[in-house]
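# Results of the structural survey
Given next are the chains, with one letter for each unit.
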Amino acid sequence: TLSGMLLGFTEEQVKAKEQEIIDFAEIGEFIDMPVRTYSSGMKARLGFAINVSIKPEILIVDEALSVGDSEFKKKCLEKINQIVGEKDVTFLFVTHSTGVAKSFCKRGMVMRQGKLLFDSSIDEAIDFYQKTLEEDESKKKKGKGIFEQ
């Protein structure tokens, strides 16, 4: 309830969404336990469920799909596609999974250590990212550190 109220919802609005969030997160039997006792996967599920249930104007997903089983990941991707398909929603997806990014992103940015290296179409960004990984691997084999130029 507190999380929803911090996001600007009334207690009634939070209560109306509560079951939807519990059902999406698939943590029903654990919902009355303190969140501090949840595994990292349970926390990620709950956080994702809360954030997609509020019809956000901006949705930022940072490797959230790295936890959970394949069915939960599929459900999350479907929900993301639904949200991204709505007008006036900005979606920022942070991932190393180029296949997932390509499935619903139009634009891609490659960053390293907080610095923007490349910004273009998703296909060009994936090509750049993969080329960078190959170059890093080559440097690593030659005895240089992965981030050394």
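In the block above lies the structure referred to throughout.
Residues numbered from 1 in each chain as written. Predicted model: local features only at pLDDT ≥ 70, side-chain atom pairs only at ≥ 80, totals over all residues. Heavy atoms only, no water.

## Some words on the side chain of Lys79
Heads up, the rule is: A helix here means a DSSP run of H or I that spans at least four residues, while a strand means a run of E at least two residues long, and both kinds are numbered starting from the N terminus. Partly exposed describes any residue whose relative accessible area lies between the buried limit of under 20% and the exposed limit of over 50%, with all areas from a 1.4 Å probe on protein chains only and scaled to the type maximum. Positive charges are assigned to Lys and Arg, negative charges to Asp and Glu, while His and the chain termini are left out of the count. Criterion for a salt bridge: a side-chain nitrogen of Lys or Arg within 4 Å of a carboxyl oxygen of Asp or Glu.
Residue placement: Lys79 occurs in helix H4 (residues 70–85). Here Lys79 sits buried without a salt bridge, and the closest side chain of opposite charge, Glu20, lies 4.6 Å off (N-O distance).

## Structural notes on helix H6 (residues 122–141)
Keep this limit in mind: Every helix has an expected span of 1.5 Å times one less than the residues it contains. The arc in question is traced by the directions running from the helix axis to the C-beta atoms.
For H6, which comprises 20 residues, the first-to-last C-alpha distance of 29 Å matches the rise-based estimate of 28 Å (1.5 Å per residue) to within 8%. For H6, the set of buried residues is Ile122, Ala125, Ile126, Thr132 and Asp136. Seen along its axis, H6 keeps its buried residues to an arc of 125°; they face one direction. Counted as exposed and oriented over 90 degrees from the buried face of H6: Asp127, Glu134 and Lys141. Once H6 ends, the next one or two residues include Gly143, with phi positive near 100°.

Everything listed is a geometric property; what it means functionally is a separate question.
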